[in-house]
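# Fold and geometry: a report
So the chains spell out like this:
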Amino acid sequence: MTLTYDLHSHSRASDGSLTPTELVTRAKLQGVDVLALTDHDVVDGLVDAGQTAISLGLKLIPGVEISVTWNNVTIHVLGLGIDRENECLLQGLSELRRCRDQRAEIIAKRLADSGIDGALEGAKNFASGAIISRTHFAHFLVRAGYAKNVRDVFKRFLVKNKPGYVAGKWASLEQAVEWITGAGGQAVIAHPARYKLSATKLRCLLEAFRLSGGIGLEVVSSSHNESECALMGRYATQFELLASCGSDYHGPEQTWAELGRMPAMPEECIPIWCQWN
Ligand code: AMP
Ligand code: MN
Ligand code: MN
Ligand code: MN
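Residues numbered from 1 in each chain as written. Chains lettered and ligands numbered in written order. Predicted model: local features only at pLDDT ≥ 70, side-chain atom pairs only at ≥ 80, totals over all residues. Heavy atoms only, no water.

## Digging into the coordination of the manganese ion (ligand 3)
Coordination of the manganese ion (ligand 3) by the protein is provided by Glu65 (OE), His76 (ND1) and His191 (NE2), with metal-donor distances spanning 2.1 to 2.2 Å. Positions of the donor residues of the manganese ion (ligand 3) along the chain correspond to the pattern E-x10-H-x114-H. Here the manganese ion (ligand 2) and the manganese ion (ligand 3) are spaced 5.6 Å from one another. Taken together, the residues His76 in strand E4 (residues 73–80) and His191 in the loop between strand E5 (186–189) and helix H8 (199–212) connect sequence positions 115 residues apart. According to the relative accessible area criterion, His76 is buried, its value standing at 14%. Looking at His191, the relative accessible area reads 1%, which means it is buried. (Donors = N, O, S within 2.8 Å, 3.2 Å for Na, K, Ca; no water. Helix = DSSP H or I, 4+ residues; strand = E, 2+ residues; numbered from the N terminus. Buried < 20%, exposed > 50% of the residue type's maximum accessible area, 1.4 Å probe, protein only.)

Right, dumping it as C-alpha cells:
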C-alpha cells in the first residue's frame with residue numbers, strides 16, 4: 001500500500017491557525033498517513049499532536065523548522081524525527097525565540113515610525129503560541145485595516161525594503177544541522193525554490209549543507225510549482241540528497257494549500273522515508 005506523507009506543517013504553537021489536535025485530526029480526514037508537525041523554532045505542539053495521532057491511528061513524525069541565516073539569506077531547515085526533549089536542541093531553539101522577541105520589538109518600532117501604532121501588542125494577541133512571527137504582525141495589520149489579506153500585507157509591509165521588515169539573526173547552517181542530528185533527527189532544506197537563489201548560490205548552499213551533515217531536500221512543496229519540483233528533484237539526485245515532501249500547511253485560511261495535497265514526487269528521487277520502518 002502506498003502511504004500519503006506530509007512532512008511539513010504548522011500549528012498554533014508557531015504561526016499556524018489550528019491547535020496541534022485540530023491539525024492532526026484534519027490530516028487524518030484528508031487521508032494523510034504520516035504527518036510531521038514542524039513548527040518554527042519550537043516543539044511545544046508535539047506532545048498534544050502525538051497523543052491525538054495515537055488515538056486516530058496516524059503516524060506523527062516529531063519535527064521542527066529552524067530559522068537559519070546563511071550568507072545573509074534566511075533559510076529554513078526542517079528537522080524530522082527529532083527527540084523533542086534533547087537539551088542542545090531545546091537550548092538552541094530557545095535562543096532563536098529570544099531573537100524573535102527582539103526582532104518583534106524592532107518591527108513594531110519601525111511600523112510605529114511609519115504611523116502604525118500598537119503593532120507589538122496586536123501581533124502578540126494573535127500569537128497565542130510560543131513564538132512571535134511576521135505572520136502574527138500580518139494578521140494584526142489585516143485586522144487593523146492596513147491591507148486586504150495576509151499576502152498583500154507581506155508585499156506592502158513585511159518584506160525587504162518595506163517599513164516592517166527587519167532581517168532576523170538566526171542560527172548558522174552548521175548549528176541548525178548539529179542540533180537536529182544531535183537530537184537523532186534528519187536535516188532537510190525546506191522549500192528550496194522559495195529563496196530565489198542563483199544556480200551557483202543554490203549549489204553552494206547544498207554543498208555546505210551536505211558537509212554539515214544535512215541529508216534531505218524538500219523537493220515537493222506547495223510553495224513549488226511542477227517545474228520547480230522537477231528542478232529540485234534533479235538537484236536532490238545530483239547532490240545525493242533524500243527527497244522530502246510537505247504541504248507547509250498553516251491553516252484553512254490558506255485556501256491554496258491543504259494537508260496531504262501536493263505535486264507528485266519526481267520518479268528519480270529517493271524519498272526520505274525509504275529507510276523508515
Ligand atoms: P518569520 O519566520 O517570523 O520571519 O515569518 C515567516 C513566515 O511568514 C513564514 O513561515 C510564512 O508562514 C509567512 N510568510 C512569509 N512570506 C509570506 C508571504 N509572502 N505571504 C504569506 N505568508 C508569508
Ligand atoms: Mn510560517
Ligand atoms: Mn518555511
Ligand atoms: Mn513552514
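## Considerations on the pairing of E5
By the alternation rule, side chains of E5 split into Gln186 and Val188 and Ala187 and Ile189, which are all buried. With four bridges connecting them, E4 and E5 associate as antiparallel partners. When the sheet's bridge partners are listed, Val77 is paired in E5 with Ile189. Relative to strand E6 (residues 216–221), E5 is paired through two bridges, and the arrangement is parallel. Counted as the bridge partner of Ile189 is Leu217 from E6. On the question of chirality, the crossover connecting E5 to the parallel E6 by way of H8 is right-handed. (Pairing = 2+ DSSP bridges. Right-handed = clockwise from strand over helix to strand, strands pointing away.)

## Points about the domain arrangement of the protein
Segmentation of the protein into domains returns domain 1 (5–85 + 173–275) and domain 2 (93–158). Taken over C-alpha atoms, the centre of domain 1 sits 24 Å from the centre of domain 2. At the interface, 14 residues of domain 1 touch 12 residues of domain 2. Carbon and sulfur atoms supply 60% of the area that domain 1 and domain 2 bury against each other, a total of about 1,100 Å² over both sides. Here domain 1 is connected to domain 2 by one salt bridge. Our count for the contact surface shared by domain 1 and domain 2 stands at six residue pairs in polar contact (both at pLDDT 80 or more). The element best represented in the side of domain 1 that touches domain 2 is strand E3 (residues 59–70), accounting for three residues. Partitioning the side of domain 1 that touches domain 2 into residue classes produces seven nonpolar, three polar and four charged. (Domains from an automatic or database assignment. Contact = heavy atoms within 4.5 Å. Buried area = accessible area lost by both parts, 1.4 Å probe. Salt bridge = Lys/Arg side-chain N within 4 Å of Asp/Glu carboxyl O. Polar contact = N/O pair within 3.5 Å; in protein donor to acceptor, adjacent residues only side chain to side chain. Nonpolar A, V, L, I, M, F, W, Y, C, P; charged D, E, K, R; others polar.)

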